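A closer look at the structure
Below, each chain spelled out in residue letters.
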Amino acid sequence: MRGVIFAILASLVWGLAPVFFKIGLRSEVNNLLALMVHNLSAFLLAFVLYMLIDGSFRIGLRELTFLAMGGILSGFLGLFFFFEAVRHGKVSIVSPIASTSPLWSALFAFLILGEGLSFQKLLGALLIVSGIVLLTLSRS
């Protein structure tokens, strides 16, 4: 149950963030500068909280490498593309499309981690894609 609660909280926060991105990107702010501000603010908050809570730096090279790869993919490339989408599109359209990342996660988890794909997961993916098609068609 705790995982579900935190997933809902993450969804709420991620649902609000694009509105702030859209407002912040209205001027001619360069996407790379926007990424630096985003990631620096996230880093500083995480650093302060971590130092207050734990403060030790115990991490293996393998874990560090994979976490860094995930950060480059999501915290840099994903946000760079998302900032471009938000800058040039409507948040109500581009945000749901970008939110299809769980579909890709399920596919990559199946291919790389060997996680199963059940009928319910496939049906859920079909419903997500159907919803995105409806949202995209509604823009006209």
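In this numbering scheme, every chain counts its residues from 1 along its sequence in written order. Residues qualify for local features only when their pLDDT is at least 70, as the model is predicted, and side-chain atom pairs are given and counted only at 80 or more; totals for whole chains, interfaces and linings, by contrast, use all residues. Excluding hydrogens and water, the side-chain values take into account all heavy atoms of the structure.

A word on the packing of aromatic side chains
Any aromatic ring pair is given by two values, namely how distant the centres are and how the planes are angled relative to each other. Note on aromatic contacts: the rings of Phe and Tyr and the six-membered ring of Trp form a pair at centre separations within 6.5 Å, being stacked when their planes are under 30 degrees apart, edge-to-face when over 60 apart, and tilted otherwise. Applying the stated criterion across every chain yields a total of 7 aromatic pairs. Arranged with centres 5.8 Å apart and planes meeting at 25°, the rings of F43 and F47 form a pair that is stacked. Here F43 and its partner F47 are both found in helix α2 (residues 31-53), 4 residues apart, which amounts to about one turn of the helix. Its relative accessible area of 38% is what places F47 among the partly exposed residues. Summarising the aromatic geometry, the rings of Y50 and F57 are spaced 6.0 Å apart at their centres and angled 55° between planes, so their arrangement reads as tilted. Here Y50 falls in the partly exposed class, since its relative accessible area comes to 32%. Joined through ring pairs, the aromatic side chains of F21, F82 and F83 make up one cluster. A run of DSSP states H or I qualifies as a helix once it reaches four residues; a run of E qualifies as a strand once it reaches two. Both are numbered from the N-terminal end. Think of it in three bands: with a 1.4 Å probe and only protein chains considered, a residue is buried below 20% of the maximum accessible area for its type, exposed above 50%, and partly exposed in between.

Examining the nonpolar core
We define the nonpolar core as a collection of buried residues of types Ala, Val, Leu, Ile, Met, Phe, Trp, Tyr and Cys that are connected through side-chain atoms lying within 4.5 Å of one another. If you look at the biggest cluster of nonpolar residues, it comprises 10 residues: F21, L25, A34, L35, L79, F82, F83, V86, V91 and V94. Of all the elements in the fold, those that place two or more residues in this core are α2, α3 (61-88) and α4 (91-98). Element by element, the count of residues in this core is highest for α3, at 4 residues.

Remarks on the confidence of the model for the chain
Considering every residue of the chain, the mean pLDDT works out to 88; 99% of them sit at 70 or more. pLDDT is a residue-level measure of predictor confidence that goes from 0 to 100. Per-element confidence in the chain ranges from a low mean pLDDT of 83 for helix α6 (residues 119-137) to a high of 94 for α2.

Side note on the pattern of salt bridges
Whenever Lys or Arg places a side-chain nitrogen within 4 Å of a carboxyl oxygen from Asp or Glu, that contact is recorded as a salt bridge. Overall, the coordinates contain 1 salt bridge when judged by the stated rule. Here R58 makes a salt bridge to D54, at a shortest N to O gap of 3.9 Å. R58 gets classed as exposed once you look at its relative accessible area, which sits at 68%. Classification of D54 by relative accessible area gives partly exposed; the value is 41%.

Comments concerning the packing of α3 against α4
Helix axes are fitted only over the stretch in contact, all axes being lines through C-alpha atoms; the angle between N-to-C directions runs from 0 to 180 degrees. Orientation of α3 relative to α4, taken along the N-to-C sense of each, is 155°, at an axis distance of 8 Å. Put simply, α3 runs roughly antiparallel to α4. The handedness of the crossing between α3 and α4 is right-handed. For the pair formed by α3 and α4, the contact residues are F82, A85 and V86 on the first element and V91, V94, S95 and A98 on the second. For this classification, under 35 degrees means roughly parallel, over 145 means roughly antiparallel, 65 to 115 means roughly perpendicular, and everything else is oblique. Take the far helix as the reference: if the near one is turned anticlockwise from it by less than a right angle, the crossing is left-handed, and if turned clockwise, right-handed. Residue contacts follow a heavy-atom distance rule, with two residues in contact if any of their heavy atoms lie within 4.5 Å.

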